[in-house]
Amino acid sequence: MYSYNIFQWVLFFFVYCFFGWVYETTVVSLREKKFVNRGFLKSPFLPIYGFGAIMILICTIPVSENPFWVYVCGMVGATVLEYLTGWVMEMIFKVKYWDYSKKYLNINGYICLECTLIWGFFSLLMTYIVHKPIEKIVLNMSATVNLVLVIILSSLFVADFIISFKTAVDMAKYLDRLYKLKEEFDVMAYIKLEETEEAIKDKSFMMKKELVEDFRELYKNKTREIEVRMVVLQSEREELLNKIGFFKKSLLNSFPRATSRTFGNTVDEIREYYQN
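(A) Structural detail: the nonpolar core. The biggest cluster of nonpolar side chains holds 57 residues, and the ones touching the most others in it are Trp9, Phe12, Phe40, Tyr97, Leu175, Ile244 and Ile270. Elements that contribute at least two residues to this core include exactly α1 (6–32), α2 (47–60), α3 (67–93), α4 (113–140), α5 (143–193), α8 (223–243), α9 (246–254) and α10 (266–275). Ranked by residue count, the leading element in this core is α5, at 11 residues. Apart from the residues lying within four places of it in its own chain, the contact partners of Trp9 are Tyr4, Ile54, Leu57, Ile58 and Ile61.

Right, here's the structure in full:
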């Protein structure tokens, strides 16, 4: 297996990207009881499985004769990759597209014991059963066919990645604006009600103190202005929600349990808005 050239490695990457997409789409679709086109990309590829497979191959090649070390090395390599991928994606897009926070023995919601153990079994399955026929097919391809496939698949992958990356960045901007609109609206509602019994009883108004103080001074004794501002905020929020296009909606649909520590429950609110 040390004799793979760069084009063969790339083909292996795309094969396992596709296998990963089939696996995840099947599992999530069954769980959600509807078809879910799983993944960051629009095409039937899940890059984390492609990179995970390459990582597993690199980690297990030196120990391929020993199933125990294949399990351990593949498990550790893939888990490290999953953690780094989840962390980087949340740092860039401010959204945790998969979240294992409710799973047993998880680390920051990016990885958990269950998935780590599964990566180990995937390593055994891939090393001893799945990879051998794939390896045979790829190695028997002519250099020309190999090159053509790599060019076509890579071109589609790069184009898809650029579109999907821009979509995720734009979604982060939408979420940021929607979150701020909701935050200001809630502050307005709190100021309007704060001297009434309803405000005392309503435990949902958990505002940032500095925000409340700023807006209280700005709208002091201006009940009418507060009401007008609330209408404007709600209108802008509705307008923004209606501008979320097909690609952004499909991105959220691909990750039905995505969460965001930065934007609170804004992700869920968008999802519910389009389900109603």
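(B) Just the packing of aromatic side chains, in detail. Evaluation of the coordinates by the stated rule reveals 25 aromatic pairs. Ring centres 6.4 Å apart and planes at 50° place the aromatic pair Phe18 and Phe19 in the tilted group. On the accessibility criterion, Phe19 (38% relative accessible area) is partly exposed. Taken together, the aromatic side chains of Phe40, Phe93, Tyr97, Phe161, Phe165 and Phe255 make up a single cluster linked through ring pairs. Lying over the aromatic face of Tyr110, Lys96 brings its terminal NZ or CZ to 5.0 Å of the ring centre.

(C) Spatial organisation of the confidence of the model for the protein. Summing up the model confidence of the protein, the mean pLDDT is 84 and the portion of residues at 70 or higher is 87%. Predicted confidence is poor over residues 195–205, with pLDDT under 50, and the contacts of this stretch with residues over four places away or in other chains come to six contacts.

(D) Expanded view of the pattern of salt bridges. Using the criterion set out here, one finds 10 salt bridges in the structure. Residue Asp99 is joined to Lys96 by a salt bridge in which the shortest nitrogen-to-oxygen separation is 4.0 Å. Classification of Asp99 by relative accessible area gives partly exposed; the value is 28%. In this structure Lys96 comes out as buried when scored by relative accessible area, which is 5%. A salt bridge links Glu269 to Arg237; the shortest N-O distance between them is 2.4 Å. Linking Glu269 in helix α10 with Arg237 in helix α8, this pair joins segments that are 32 residues apart in sequence. With relative accessibility at 18%, the residue Glu269 sits in the buried group. Each of the salt bridges in this network shares a partner with another, and the network as a whole consists of Arg31, Glu32 and Arg257.

(E) Layout of a nonpolar patch on the surface. Together, Trp87, Val88, Met91, Ile92, Val158, Phe161, Ile162 and Phe165 make up a nonpolar patch on the protein surface, roughly 710 Å² of accessible area in all. Going through the elements one at a time, α3 and α5 are the ones with two or more residues in the nonpolar patch.

(F) Geometry of the packing of α2 against α4. Packing of α2 against α4 leaves a shortest axis separation of 10 Å and a crossing angle of 75°. Here α4 runs roughly perpendicular to α2, going by the angle between their axes. Residue-level inspection shows Tyr49, Ala53, Ile56, Leu57 and Thr60 of α2 in contact with α4, the latter providing Trp119, Phe122, Ser123, Met126, Thr127 and His131. Of the residues belonging to the contact of α2 with α4, the class tally is seven nonpolar, four polar and no charged.

(G) Examining the side chain of Ser254 more closely. Position of Ser254 among the secondary structure elements: in helix α9. Judged by its relative accessible area of 5%, Ser254 falls in the buried class. With residues up to four places along the chain from it excluded, the contact list for Ser254 reads Val36, Asn37, Arg38 and Gly39.

(H) The arrangement of α3 in detail. The first and last C-alpha atoms of α3 sit 38 Å apart over 27 residues, in line with the 39 Å expected at 1.5 Å per residue. The N-cap of α3, judged by a side-chain oxygen 3.0 Å from the amide nitrogen of Phe68 a few residues on, is Asn66. Of the residues one or two after α3, Lys94 is the one with positive phi, at around 65°.

(I) Up close: unusual backbone geometry. One non-glycine residue, Lys33, adopts positive backbone phi at about 60°. Among the structural elements, Lys33 can be located in the loop between α1 and α2. Lys33 sits in the exposed class, given a relative accessible area of 77%. Even without glycine at this site, Lys94 takes up a positive phi of about 65°.

Criteria and cut-off values
Residues numbered from 1 in each chain as written. Predicted model: local features only at pLDDT ≥ 70, side-chain atom pairs only at ≥ 80, totals over all residues. Heavy atoms only, no water. Core = buried A, V, L, I, M, F, W, Y, C linked by side-chain atoms within 4.5 Å. Buried < 20%, exposed > 50% of the residue type's maximum accessible area, 1.4 Å probe, protein only. Helix = DSSP H or I, 4+ residues; strand = E, 2+ residues; numbered from the N terminus. Contact = heavy atoms within 4.5 Å. Phe/Tyr/Trp six-rings, centres within 6.5 Å; stacked < 30°, edge-to-face > 60°. Lys NZ or Arg CZ within 6 Å of the ring centre and 35° of its normal. pLDDT = per-residue confidence, 0-100. Salt bridge = Lys/Arg side-chain N within 4 Å of Asp/Glu carboxyl O. Patch = residues over 30% accessible without salt bridge, like charges linked within 9 Å, V, L, I, M, F, W, Y side chains within 5 Å. Areas by Shrake-Rupley, 256 points an atom, 1.4 Å probe, with all protein chains shown as cover. Axes fitted to C-alpha atoms, helices over the stretch in contact; angles between N-to-C directions. Parallel < 35°, antiparallel > 145°, perpendicular 65-115°, else oblique. Nonpolar A, V, L, I, M, F, W, Y, C, P; charged D, E, K, R; others polar. Expected span 1.5 Å × (residues − 1). Polar contact = N/O pair within 3.5 Å; in protein donor to acceptor, adjacent residues only side chain to side chain.

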